[in-house]
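Chains, contacts and geometry: an overview
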Amino acid sequence: MSQLTLVGRSSSHYTRVTRIFAHELGATYTFRPVLDMATIDAPNYGDNPALKVPVLIDERGPLFGAENICRELTRRSSRASKVVLRGDSSHRLVANAEELTLHAMASEVAFITAKLAGDARLVGPKVSPSLDHCIRYLDQNIGETLAALPSDRVLSFVEVALFCTVTHFPFRQTIDVSAWKNLGAFCTEFGQRESARATEYRFDSA
Ligand SMILES: N[C@@H](CCC(=O)N[C@@H](CS)C(=O)NCC(=O)O)C(=O)O
């Protein structure tokens, strides 16, 4: 297998999703942190024109985006048949949880970006209620969603993304999720995985 480089940030929920996938599937890679997210030079982001992380670089060049990267890591793994990627399940709750989790991830990025620009209200009036409604929905449906996943899975995109999303809120102090007990219990359990422990959020430094 070729050498892999992951361009990302240890403080990024999207990056953590890919690192948990890599850990769980036994993929080794060199981590290249982006220390300054204010820079507008694509080479600093593994040549991602969107100036976003994560990016996976292999012998075929850069691959942009967490979902793509998880798909590629799964493709390379001998355990691929036991991995549930986004869209693999036709169950309505799983599909909705995938969609809403990704929406929550993107909304939080918008929040953080606005906050860094000096005013969290710059995101517009719908983002906060929309995020609250999503988290409420996910909290209410997490039990049935997990039950709808194949019991012999080693990993699912929706679980990894949800774990990374819910644990990111307190890390970045974006919203208070302590009221959402079902999500809290899920994160406590998922957080016991070695892959979760090995990828705890932190800010990279030079
Ligand atoms: N669609 C991308 C989104 C990635 C993304 O938004 N990454 C954040 C880090 S968590 C980022 O690069 N933010 C910097 C910015 O938007 O300037 C993916 O799925 O990977």
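The present account deals with the structure reproduced in this document. (Residues numbered from 1 in each chain as written. Predicted model: local features only at pLDDT ≥ 70, side-chain atom pairs only at ≥ 80, totals over all residues. Heavy atoms only, no water.)

**Details of the pairing of strand S3 (residues 55-58)**
In this structure, strand S1 (residues 5-8) lies alongside S3, joined through three bridges in antiparallel fashion. The residue of S3 that forms the bridge with Leu6 is Leu56. Pairing analysis gives four bridges linking S3 to strand S4 (residues 61-64), with the strands arranged antiparallel. Its bridge partner being in S4, Leu56 is matched across the sheet by Leu63. (Pairing = 2+ DSSP bridges. Helix = DSSP H or I, 4+ residues; strand = E, 2+ residues; numbered from the N terminus.)

**Remarks on the site of the ligand**
Lining the immediate environment of the ligand, one finds Ser12, His13, Tyr14, Met37, Lys52, Val53, Pro54, Gly65, Ala66 and Val109. In this structure, an oxygen atom belonging to the ligand sits 2.7 Å away from a side-chain N or O atom of Lys52. The protein chains hide 73% of the 510 Å² of surface that the ligand would expose on its own. Its residues assigned to classes, the shell around the ligand comprises six nonpolar, three polar and one charged. (Near = heavy atom within 4 Å. Polar contact = N/O pair within 3.5 Å; in protein donor to acceptor, adjacent residues only side chain to side chain. Areas by Shrake-Rupley, 256 points an atom, 1.4 Å probe, with all protein chains shown as cover. Nonpolar A, V, L, I, M, F, W, Y, C, P; charged D, E, K, R; others polar.)

**Some remarks on the pattern of salt bridges**
Inspection of the entire model under this criterion finds 13 salt bridges. Where Arg76 meets Asp58, a salt bridge forms, and the shortest distance between an N and an O atom there is 2.8 Å. Taken as a pair, Arg76 in the loop between helix H2 (66-75) and strand S5 (83-84) and Asp58 in strand S3 lie far apart in primary sequence, 18 residues in all. An identical accessibility class is assigned to Arg76 and Asp58; each is buried. Asp119 is the salt-bridge partner of Arg121, the closest N and O atoms lying 3.0 Å from each other. Here the salt bridges do not stand alone but share partners, grouping Asp58, Glu59, Arg60, Glu72, Arg75 and Arg76 into one network. (Salt bridge = Lys/Arg side-chain N within 4 Å of Asp/Glu carboxyl O. Buried < 20%, exposed > 50% of the residue type's maximum accessible area, 1.4 Å probe, protein only.)

**A few points about the nonpolar core**
Core analysis: the biggest nonpolar cluster contains 50 residues, and Val17, Phe21, Leu73, Val160, Phe163 and Leu183 have the highest contact counts within it. Of all the secondary structure elements, the ones that give two or more residues to this core are helix H1 (13-24), H2, S5, helix H3 (92-116), helix H4 (127-148), helix H5 (157-172) and helix H6 (181-190). Counting residues per element, this core draws most heavily on H5, which supplies nine residues. Beyond its immediate sequence surroundings of up to four residues, Phe21 is in contact with Cys70, Leu73, Thr74, Val83, Leu85, Leu155, Ser156, Phe157 and Val160. Membership of the second largest hydrophobic core comes to five residues, among which are Val34, Tyr45, Val53 and Val55. (Core = buried A, V, L, I, M, F, W, Y, C linked by side-chain atoms within 4.5 Å. Contact = heavy atoms within 4.5 Å.)

**So, the environment of Ile57**
By secondary structure assignment, the location of Ile57 is in strand S3. Once you skip the residues sitting within four places of it in the chain, Ile57 turns out to touch Gln3, Leu4, Thr5, Val7, Arg32, Gly46 and Pro62.

**So, the packing of aromatic side chains**
Enumeration according to the criterion identifies five aromatic pairs in this entry. Considering the side-chain rings of Phe163 and Phe190, the 4.9 Å spacing of their centres and the 35 degrees angle between planes classify their relative orientation as tilted. Linking Phe163 in helix H5 with Phe190 in helix H6, this pair joins segments that are 27 residues apart in sequence. A single burial state applies to Phe163 and to Phe190, both of which are buried. Put simply, the rings of Phe163, Phe186 and Phe190 pair up and form one aromatic cluster. Sitting above the plane of the Tyr201 ring, Arg16 keeps its charged end 4.6 Å from the centroid. (Phe/Tyr/Trp six-rings, centres within 6.5 Å; stacked < 30°, edge-to-face > 60°. Lys NZ or Arg CZ within 6 Å of the ring centre and 35° of its normal.)

**Quick word on the packing of H1 against H5**
Running from amino to carboxyl end, H1 crosses H5 at an angle of 135 degrees, the nearest separation of the two axes being 9 Å. With respect to H5, the element H1 is oriented oblique. Helix-helix and strand crossings are classified by hand; for H1 and H5 the assignment is right-handed. Across the interface between the two elements, His13, Arg16, Val17, Ile20 and Phe21 of H1 pack against Phe157, Val160, Ala161, Phe163, Cys164, Thr167 and His168 of H5. When the residues that make up the contact of H1 with H5 are grouped by side-chain class, the tally is eight nonpolar, three polar and one charged. (Axes fitted to C-alpha atoms, helices over the stretch in contact; angles between N-to-C directions. Parallel < 35°, antiparallel > 145°, perpendicular 65-115°, else oblique. Left-handed = near helix turned anticlockwise from the far one by under 90°.)

Shape descriptors only; they carry no functional weight alone.
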